[in-house]
Amino acid sequence: MLLRKITLEEFGAYRGKQSLNLTPEKNKPVILIGGLNGCGKTTLLDAIQLALYGNRARCSGRGTKPYETYLRESINRQADPARGSAVTLEFTLLTGGQEHYYRVVRSWHISGKTLKEFLNVYVDENYGDHTPNGHAAQPATRFNRMLSEGWADHVESLLPLEIASLAFFDGEKIESLADPERAASVIESAVQSLLGVSTVQQLRTDLLALQRRQKLSEEEQHLLDNIRAQEREREEVTSAYDVARQELARSKTDLGKAQRKLESLEEAFAKEGGHLFSRRVELENERKQTASHLAQVRADLVQLAAGPLPLLMAAPLLADLSVQATREEQAQQSAQVLQVLQERDTWLLDLLPEADRDRLLTQLEADRASRATATQLEVDLQLPHDTSGQLTVLEELLELDTRRGRDLLNAAAEFTEQLDQLDRQLAGVPAQHKVEALQHAREEQLVVVAQSRADHERAAARLEELKRRREHVTALLKRAHDEFVRTKVKAEEVERIIKYSEKARDTLERFGSALLERHISRLEVAVLQSFKVLMRKQGLVQDLRIDTNKFTLTLADTDGEQIDPARLSAGERQLLAVSLLWGLMRVAGNRLPSVIDTPLGRLDSRHREHLVDRYFPQASDQVLLLSTDEEIDEHLLGRLKKSIAHTYTLVHDDTEFTTSVVEGYWWSEGIQHVH
């Protein structure tokens, strides 16, 4: 299949009618189309798929939009909606040794509130016989009503949609294929469809259908209707399951992005002192409380100092005063005793004889003289008689106040230290304007993460529910088929058909397995060769294997050790994905065109040169490159020039928001000022 020409009329950013000649030349398979981001390169790729597949086309700009909404939005904003848009794709296809020229015109316009779509297919059945070289300048195509009405089925026989996804791809798709798990599904789809393995499976399915038809009778029509209804239900559940699985993967990706963004905001918030800022009110309240406690302690110290506690500074004087009080108390007691003794001695002398009086009088006078000496004080302060008691009470009060004062001083020191620490923390709190935006963004991102997590949980629950439903429906369908088989094994002819159909199915199963192994073996060699051709590090990968059951791809180094894909750089994984697509095309015989959008996104200069020198000129008989000026630059253009048949540049008018097609590339004559 070769794409010949595409014409866009009021489609997307393309104003008016824009055409590109896509016909390759001998030894020049490359058609180079340049455009800056947003100029319409991906729109051009969407247009090719839209012309071929309509509602089933996997257009990047559609997303989850309804098909009618997508068509409405695809009409150029400056165009008349009543006139609408159109996409025309012209291509040739060789079938049965005869080349045919197709012209597919898909158009749509808005009539009132209704969107009307038209598909017209024109065919030149004798294309190739018009000129000696097999190419007609103006193909004599004729409208084919049958093809136009049944185009959705016919295009599947020409270029199945699953295979087209391998022929029409962009840089993002290449990056997704660099994931080994995603690559497994691509390998399985390609081997089954592109390499014909699915045909064997379809033959087995057709034989099974033949077996079931042989068992059909009028009285059991209701059983067949039940089976068909269950098959439709299984298809619906399977389709919903696939959608739910994609939604789960998308929600997982969104959750990962949201969590990484939150982590980044948390890190920035912490770096700016955000946690201290969050505790600012708490720290301020704690400081006020600590300051209040400190003030109360100081007030208690002042009150304590207003009592007897300052007398501790005169402790020696108080000790002397206590001694003096004791002496004065003893002197007073001695004076009182002298008076009593004087009276006692007089009474006692009167009782004694005179002979004994002189001797006893001398002793009594000596005793009184001794006691009189005790009443004589050097200093007499004439203290009250209870001074000693008062001093004892004062001593006890001072001891209590001393312990109380020591406790208050320790508490004051602790509160002062706490206050200093709080002041240092408050001094480290950043200004509100520095963290307010981060705090707001962090709070918003927390909501986003919570929502993403809830979406992911709902998607997981939905997928699990559909999985159980699918298993249930499959079990019901199997039981229905088993019942259908058991009730119809009667006639010998039916039994013979069943018997030989089953043998044929077994043979086809063995043949399919052998064919699969053969294709996988060829594909392993082709992909490994392609990877080695494109890689800068020639000794990194020595072997490549594809599992025939799971279709997973594994790499091995020179020592036979398995290579973790994480060891490969982003550019090397991208080259591995390109090698996978290239190997598939090589094994399939390069029968399909390759349309590549933004192919060099994550590659370094050496890998880009390898792709330009070794891949693009040999990727297929026709290679459409949709590139920015930074991908295929002036240097790479010079290396690729010998393989280029046509070059175009998509020029975008920023004032009108429209795109026009100009022949030539950025550094070619006449378009130097495209930027």
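Scroll up to find the structure this text is about.
Parameters and conventions
- Residues numbered from 1 in each chain as written.
- Predicted model: local features only at pLDDT ≥ 70, side-chain atom pairs only at ≥ 80, totals over all residues.
- Heavy atoms only, no water.
- Core = buried A, V, L, I, M, F, W, Y, C linked by side-chain atoms within 4.5 Å.
- Buried < 20%, exposed > 50% of the residue type's maximum accessible area, 1.4 Å probe, protein only.
- Helix = DSSP H or I, 4+ residues; strand = E, 2+ residues; numbered from the N terminus.
- Contact = heavy atoms within 4.5 Å.
- Patch = residues over 30% accessible without salt bridge, like charges linked within 9 Å, V, L, I, M, F, W, Y side chains within 5 Å.
- Areas by Shrake-Rupley, 256 points an atom, 1.4 Å probe, with all protein chains shown as cover.
- Salt bridge = Lys/Arg side-chain N within 4 Å of Asp/Glu carboxyl O.
- Pairing = 2+ DSSP bridges.
- Polar contact = N/O pair within 3.5 Å; in protein donor to acceptor, adjacent residues only side chain to side chain.
- Arc of directions from axis to C-beta.
- Axes fitted to C-alpha atoms, helices over the stretch in contact; angles between N-to-C directions.
- Nonpolar A, V, L, I, M, F, W, Y, C, P; charged D, E, K, R; others polar.

K.L.:
Hey, could you run me through the nonpolar core in this one?
P.N.:
Side chains of a nonpolar character, in soluble globular proteins, are inclined to be buried together. Membership of the largest hydrophobic core comes to 103 residues, with the highest contact counts inside it found for F91 and Y615. For this core, the element with the most residues is helix α17 (residues 570-588), which contributes 9 residues. Dropping the residues within four chain positions of it, F91 is found in contact with M1, L2, L3, R4, L52, H100, Y101, Y102, V104, W151 and L158. Core analysis: the next-biggest nonpolar cluster, separate from the first, contains 9 residues, V297, L309, A412 and L419 among them.

K.L.:
How should a nonpolar patch on the surface be read in this particular structure?
P.N.:
A cluster of nonpolar residues, V393, L397 and L400, forms a patch on the protein surface that exposes about 260 Å² of accessible area. Among the secondary structure elements, L400 is positioned in helix α14 (residues 387-427).

K.L.:
What is the right way to read the pairing of strand β5 (residues 98-111) from this model?
P.N.:
Every other side chain in a regular strand lies on the same face of the sheet, so the side chains alternate between the two faces. β5 sits mainly inside the fold: 10 of its 14 residues count as buried. Relative to β5, strand β4 (residues 85-95) is paired through 11 bridges, and the arrangement is antiparallel. Note on β5: the bridge partner recorded for T92 is Y101. Hairpin connection between β4 and β5: a loop of 2 residues separates the two successive antiparallel strands, and G96 in this loop has a positive phi of roughly 60°.

K.L.:
Where do I start with the side chain of T7 in this structure?
P.N.:
Along the polypeptide, T7 turns up in strand β1 (residues 2-11). A distance of 3.0 Å separates the side chain of T7 from the side chain of S19, its partner in a polar contact. Those residues within four positions of T7 in sequence are excluded, and the remaining contacts are K17, Q18, S19, A86, V87 and T88.

K.L.:
Is there a simple way to explain helix α4 (residues 151-158) in this structure?
P.N.:
Think of an α-helix as 3.6 residues a turn; residues three or four steps apart then line up on the same face. Turning to α4, its buried residues number three or more, namely W151, V155 and L158. For α4, the buried positions fall inside an angular range of 55° around the axis, keeping them on one side. Seen from the buried face of α4, the exposed residues on the opposite side, beyond 90 degrees, are D153 and S157. On the buried face of α4, the contacting elements are α1 (41-53), β4, β5, β6 (114-124) and α3 (145-149).

K.L.:
Where do I start with the environment of L94 in this structure?
P.N.:
Structurally, the position occupied by L94 is in strand β4. The class of L94 is exposed, set by a relative accessible area of 61%. Sequence-wise, L94 and L2 are 92 residues apart; in three dimensions their C-alpha atoms are separated by 9.2 Å.

K.L.:
Even after reading the chapter, I still don't get the pattern of salt bridges, so can you show me in this structure?
P.N.:
Here the idea is simple: oppositely charged side chains can pair when their charged atoms come close. For the coordinates displayed, the defined rule picks out 18 salt bridges. When the shortest N-O distance is used, the salt bridge between R83 and E9 registers 2.8 Å. One end of the pair, R83, is in the loop between α2 (67-74) and β4; the other, E9, is in strand β1, with 74 residues separating them in the sequence. Relative accessible area serves as the criterion here: at 57%, R83 is assigned to the exposed category.

K.L.:
What exactly am I supposed to notice about the packing of α1 against α4 here?
P.N.:
What describes two packed helices is the angle between their axes and the distance between those same axes. Running from amino to carboxyl end, α1 crosses α4 at an angle of 120°, the nearest separation of the two axes being 9 Å. Of the residues in α4, those touching α1 at A51, L52 and Y53 are W151, V155 and E156. Residues that form the contact of α1 with α4 fall into these classes: 5 nonpolar, no polar and 1 charged.

K.L.:
Which parts of the structure should I look at to understand the environment of E231?
P.N.:
Looking at where E231 falls in the secondary structure, it is placed in helix α9 (residues 221-271). Take E231: its relative accessible area is 24%, and that puts it in the partly exposed class. Taking the C-alpha atoms as reference points, E231 and L476, separated by 245 residues in sequence, lie 9.9 Å from one another.

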